[in-house]
Amino acid sequence: MLFELKNVIEALCQPLTVGMELAIFGFILFRTRRCARIGRYMIPLGLLVILLFGYSLVPRILQKSLAGRYPPMTTEMLREMSGRTGDRVWIVVLCGGYTTNWPSSVGAQLSEASLFRFVEGVRVYRQMPNGKVLLSVGGLPEGMIQKRLGDQLAETVGLPRRDLQTVGGAMTTQDEARQISANVGTTSFVLVTSDYHMPRAMMLFKALGMNPVPAPAGTCGWSEGESRFSLGGLFPKGANLDAADGALHEYLGILWANLQCSLKTRPARVVSPPGQR
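In this text, all values refer to a predicted model and were calculated from it rather than measured experimentally. (Residues numbered from 1 in each chain as written. Predicted model: local features only at pLDDT ≥ 70, side-chain atom pairs only at ≥ 80, totals over all residues. Heavy atoms only, no water.)

(A) Structural view of the environment of glutamate 112. With respect to the element layout, glutamate 112 can be found in helix H7 (residues 112-127). Note on glutamate 112: relative accessible area 59%, which makes it exposed. Distance in space between the C-alpha atoms of glutamate 112 and tyrosine 98 is 9.1 Å, their sequence separation being 14 residues. (Helix = DSSP H or I, 4+ residues; strand = E, 2+ residues; numbered from the N terminus. Buried < 20%, exposed > 50% of the residue type's maximum accessible area, 1.4 Å probe, protein only.)

(B) View of the nonpolar core. Ranked by size, the top nonpolar core spans 25 residues in total, and within it Ile91, Leu135 and Val190 carry the most contacts. Those elements that place two or more of their residues in this core are helix H5 (75-85), strand E1 (89-94), H7, strand E2 (131-136), helix H8 (144-157), strand E4 (188-194) and strand E5 (211-217). The element contributing the most residues to this core is H7, with 4 residues. Discounting residues that sit within four places of it in the chain, isoleucine 91 has contacts with Gly121, Val124, Tyr125, Gly131, Lys132, Val133, Leu134, Val190 and Val192. Trp90, Val92, Leu134 and Met202 belong to the second largest nonpolar core, which has 15 residues in total. (Core = buried A, V, L, I, M, F, W, Y, C linked by side-chain atoms within 4.5 Å. Contact = heavy atoms within 4.5 Å.)

(C) Just the layout of surface pockets, in detail. Volume-wise, the second largest pocket comes out at about 220 Å³. In terms of lining residues, the second largest pocket is bounded by 11 residues, among which Gln174, Leu204, Ala207, Ala257 and Cys261 are the most central. Listing elements by their share of the lining of the second largest pocket, those giving two or more residues are helix H9 (173-184), helix H10 (198-207) and helix H11 (238-265). The leading source of residues in the lining of the second largest pocket is H11, at 5 residues. Across the lining of the second largest pocket, the residue classes break down as 6 nonpolar, 3 polar and 2 charged. (1 Å grid on protein atoms, 1.4 Å probe; cavity = no way out; pocket = protein on both sides within 12 Å on 5 of 7 lines; lining within 4 Å. Points joined across faces, edges and corners; volume = space filled by probe spheres on them. Nonpolar A, V, L, I, M, F, W, Y, C, P; charged D, E, K, R; others polar.)

(D) Structural detail: the sheet that holds E2. Strand order in the open sheet formed by 5 strands is E3-E2-E1-E4-E5, with parallel pairing between adjacent strands. For this open sheet the edge positions go to strand E3 (164-167) and E5, each flanked by a neighbour on one side alone. Looking at each pair of strands side by side, their axes are set apart by 25° on average, direction ignored. H9 contacts E1, E2, E3 and E4 of the sheet and is inclined by roughly 160° relative to E1. (Pairing = 2+ DSSP bridges. Axes fitted to C-alpha atoms, helices over the stretch in contact; angles between N-to-C directions.)

(E) Region of the structure containing the pattern of salt bridges. What the rule picks out here adds up to 5 salt bridges. The shortest N-O distance in the salt bridge between arginine 123 and glutamate 120 comes to 2.8 Å. One end of the pair is arginine 123 and the other is glutamate 120, both in helix H7 and 3 residues apart, which spans about a single turn. The class of glutamate 120 is buried, set by a relative accessible area of 12%. In this structure, arginine 200 and glutamate 250 form a salt bridge, with 2.9 Å as the shortest nitrogen-oxygen distance. With a gap of 50 residues between them, arginine 200 in helix H10 and glutamate 250 in helix H11 connect regions that are remote in the sequence. (Salt bridge = Lys/Arg side-chain N within 4 Å of Asp/Glu carboxyl O.)

Read these as layout, nothing more, since geometry by itself doesn't imply function.
Next comes the structure, spelled out in structure tokens:
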């Protein structure tokens, strides 16, 4: 129930949804006599919200505030960690979306975020002789489909199948953390996910007493060329709305996790028996 409520709240807070809500309700109010003045302001306000997030400035600020918290993992850092632990080191890769439209190629089955994360996980694996990849495929249930995806990924990148393990069935990052803790425990491991998703993932994994070492994958979606002036930059783009949705999804997820943590740690109220003060 709480999961569905969180999804509804998140959908209502997306910039495009908020802008459309303001414009539609503004038009309804404009058609009435009593609230026509309010509706007259709500319609352009809704369009302004869509335009504000349709340009790259606001989405860029939102995502970069998340993406810049953890630096990329260098080869020297990987070698130091590999030599320090000595034993088998788990490389946990959080999948960011997939499709099971067989027999499409492996690249077509993974989302763009998942491809960035998996490639980074393989890079980390190549630098750690004692590494083993644990790929979390989210809501994909355990069974033949999950095994087939793992087989194809391992074969495509030349990864020994014994060094690639898949887990699935988790619907949220918090569920993934609980599921992975059963495999990894409290030992140090490399956590691979998108840079903008890393702050929330680190918070959730550490809350379970785990010891993740961040290895952010990909960038927050902005290239240096996009910061230069171009005629195309004069128009709003759907990609900017998608970027804003992703950033707001992370902020709401962090807020939701902090809210759950505060509710769990809140001390119980002591009620005195009748007749006592």
